[in-house]
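# Summary of the model geometry
Below are the chains, spelled out letter by letter.
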Amino acid sequence: MSRTLLFLLAFTLVAQAGPALAPARPFADHMVLPMAREVPVWGTAAPGAGVEVRFGGGVVRGRADAQGNWRLVLPPQVASAAGRDIELVAADGRVVLRDVLVGEVWLCSGQSNMDFPLGRAVGGNEEAEHAGDFPTIRLLNLTGVDTGPRTYRDAELQRLAPERFFTGAWQVASATAARQFSAVGWWAGKTIARAKGVPVGLIDTAVGGSGAEAWLPKEILAARTDYAALLADSWIDSERIGPWARGRAKQNLGGNASNHPFRPGFLFDSGVRWWRGFPLAGVLWYQGETNAEIRDDDWNERLITDLVRGWRQALDQPQLPFVMVQLPRIGGNDPLRRWWPEFRAVQARAAAKLERVELIQTLDLGWDSPDVHPPDKRPVGERLGNAAAR
């Protein structure tokens with residue numbers, strides 16, 4: 001038999017077998033499974049293949065559909081700091097996810113003040129040195145293409161697609177992992193873990209400079225006629241997006257017709273949508289500096305409201321709690337910051353009318369510098385964590 005025929009035969013057998021047994025992106029070694037709630041586990045296998053998920057002495061069984069997708073539901077689990085395995089079994093393979101805990105999982109998101117790493121925060125390096133004392137805190141630091149002041153290289157442009165943008169893996173808390181993780185997220189998670197006495201998983205998807213519109217689900221953007229300009233290919237010229245964000249996106253893209261982290265809907269698709277069905281304990285949200293550049297209080301209140309309602313709808317968690325950070329005091333006379341007092345009022349109004357949304361005041365925690373990044377993140381994180389733990 002010729003080499004060409006052998007290749008074609010091998011290709012046909014692989015095509016007939018379909019996708020290999022694999023879990024979806026949320027499921028990996030060192031993760032935390034949500035406690036006290038049914039937990040869907042999903043992934044791919046050969047079309048029609050029987051699939052088993054084994055965990056904690058129990059087994060659930062099902063079958064992949066014609067496209068090779070499967071979804072099984074684990075019964076509610078009690079909190080557990082003992083690392084155990086999730087075993088996935090099908091006729092064409094076996095996958096084992098090691099060292100899985102059971103507790104609460106919180107999504108940390110927003111822009112650069114949430115993304116601000118522990119290693120740069122006041123007292124952060126000293127804090128990181130003791131992070132290994134908390135092995136039941138697990139960190140998933142999802143890192144995208146950063147939005148610094150430069151033109152993207154070809155490799156970075158290639159990552160500007162939702163399925164390729166964020167990379168990262170679950171890690172056990174350690175000095176190295178914590179130092180690179182969100183400072184606010186770390187201190188919030190540590191506070192939750194201490195208050196509740198359960199393992200805590202933290203997911204960081206924050207992106208510096210991102211406006212709320214980048215985090216809106218596209219179905220929410222499509223539902224309102226006044227969002228139409230944000231869905232158009234000319235979004236980068238829309239006056240509904242702040243001038244700083246438009247300028248930075250143009251600088252990054254350098255004339256390329258491409259996606260960008262600031263594109264409306266892009267970050268939700270890239271880092272949030274694939275958690276649909278996963279029972280998050282809640283969202284820790286620190287964002288608004290970019291949107292506060294525009295003095296349109298009704299518009300900004302709508303963005304915040306649609307973001308909360310849109311996430312709840314798209315993630316299939318209608319009661320998903322949000323704990324939000326109100327913008328702090330800031331010094332200087334930068335015209336980009338002049339509407340911060342009005343934006344803080346907008347945040348308060350939006351939070352007051354939404355159920356299961358708590359706003360954390362930080363006006364007393366700001367500073368006199370015009371730098372948009374107050375470096376003392378511990379009190380902000382602890383206030384978030386205390387609110388989340390209630």
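Structure: above.
Let me begin by describing the structure that accompanies this report. (Residues numbered from 1 in each chain as written. Predicted model: local features only at pLDDT ≥ 70, side-chain atom pairs only at ≥ 80, totals over all residues. Heavy atoms only, no water.)

### What about the overall build of the protein?
When its secondary structure is counted, the protein shows 13 helices and 14 strands. Relative to the compact-globule value of 21 Å for 390 residues, the protein shows a C-alpha radius of gyration of 22 Å, a close match. Expressed as a percentage of its 390 residues, the buried residues of the protein come to 54%. Look at the contacts in the protein between residues 6 or more apart in sequence, and 75% of them connect residues 24 or more apart. Only carbon and sulfur atoms are counted for the fraction: they give 51% of the accessible area of the protein, which is about 16,600 Å². The positive charge centre, built from 44 side chains, and the negative charge centre, built from 43, are 2 Å apart in the protein. (Helix = DSSP H or I, 4+ residues; strand = E, 2+ residues; numbered from the N terminus. Rg over C-alpha atoms; globule rule 2.2 N^0.38 Å. Buried < 20%, exposed > 50% of the residue type's maximum accessible area, 1.4 Å probe, protein only. Contact = heavy atoms within 4.5 Å. Areas by Shrake-Rupley, 256 points an atom, 1.4 Å probe, with all protein chains shown as cover. Lys, Arg positive; Asp, Glu negative; His and termini not counted. Charge placed at Lys NZ, Arg CZ, Asp CG, Glu CD.)

### So, the pattern of salt bridges
Under the criterion given, the structure shown has 29 salt bridges. Put simply, Arg295 and Asp297 hold a salt bridge, and the shortest N to O gap is 3.2 Å. Looking at Arg295, the relative accessible area reads 42%, which means it is partly exposed. Here Glu342 ties to Arg295 by a salt bridge, and the two come within 4.0 Å at their closest N and O atoms. With Glu342 in helix α12 (residues 340-353) and Arg295 in the loop between β12 (282-286) and α11 (297-314), the pair connects residues that are 47 residues apart, well separated along the chain. A cluster of three or more residues bridged by salt bridges with shared partners is formed by Glu52, Arg54, Arg61, Glu87 and Arg94. (Salt bridge = Lys/Arg side-chain N within 4 Å of Asp/Glu carboxyl O.)

### Details of the packing of aromatic side chains
Counting across every chain of the model gives 14 aromatic pairs. Residues Phe165 and Phe166 carry aromatic rings whose centres are separated by 4.8 Å and whose planes lie at 80 degrees to one another, so their mutual orientation is edge-to-face. Comparing Phe165 with Phe166, the two get one shared label, buried. Each member of the aromatic cluster is reached from another via a ring pair, and the members are Phe27, Trp42, Trp274, Trp275 and Phe278. Seen from the ring of Trp274, Arg25 lies directly overhead, with NZ or CZ sitting 3.9 Å from the centre. Directly above the aromatic system of Phe116 lies the positively charged group of Lys377, at a separation of 5.0 Å from the ring centroid. (Phe/Tyr/Trp six-rings, centres within 6.5 Å; stacked < 30°, edge-to-face > 60°. Lys NZ or Arg CZ within 6 Å of the ring centre and 35° of its normal.)

### Some points on the sheet that holds strand β6 (residues 69-74)
Spatial ordering of the open sheet is given by β1-β3-β6, a layout of 3 strands whose pairing is antiparallel. Where the open sheet ends on each side, the last strands, each with one partner, are β1 (22-23) and β6. Pairing between β1 and strand β3 (residues 39-44): 2 bridges, direction antiparallel. Looking at the pairing, Pro23 lines up with Gly43 of β3. (Pairing = 2+ DSSP bridges.)

### Quick notes on the packing of helix α6 (residues 183-196) against helix α13 (residues 378-389)
Interhelical geometry of α6 versus α13 gives an angle of 40 degrees and a closest axis separation of 7 Å. In this view, α6 runs oblique relative to α13, as classed from their interaxial angle. Here α6 runs over α13; the crossing is right-handed. Packed against α6, whose contacting residues are Val184, Trp187, Ala188, Thr191, Ile192, Ala195 and Lys196, the element α13 presents Arg378, Val380, Gly381, Glu382, Leu384, Gly385, Asn386, Ala388 and Ala389 at the interface. Residue composition of the contact of α6 with α13, by class: 9 nonpolar, 4 polar and 3 charged. (Axes fitted to C-alpha atoms, helices over the stretch in contact; angles between N-to-C directions. Parallel < 35°, antiparallel > 145°, perpendicular 65-115°, else oblique. Left-handed = near helix turned anticlockwise from the far one by under 90°. Nonpolar A, V, L, I, M, F, W, Y, C, P; charged D, E, K, R; others polar.)

### Some details on the side chain of Gln77
Locating Gln77 in the fold gives a position in the loop between β6 and β7 (80-90). For Gln77, a relative accessible area of 13% translates into the label buried. A polar side-chain atom of Gln77 sits 3.0 Å from the main-chain carbonyl oxygen of Pro75. Setting aside its immediate chain neighbours within four residues, Gln77 contacts Met35, Ala36, Arg37, Phe55 and Val102. (Polar contact = N/O pair within 3.5 Å; in protein donor to acceptor, adjacent residues only side chain to side chain.)

### Here's the deal with unusual backbone geometry
For Ala36, which is not glycine, the phi torsion reads 60 degrees and is therefore positive. Looking at the secondary structure, you find Ala36 in the loop between β2 (32-34) and β3. Positive phi, close to 55 degrees, is recorded for Asp99, a residue that is not glycine. Tracing the backbone through its elements, the reader meets Asp99 in strand β8 (residues 93-110).

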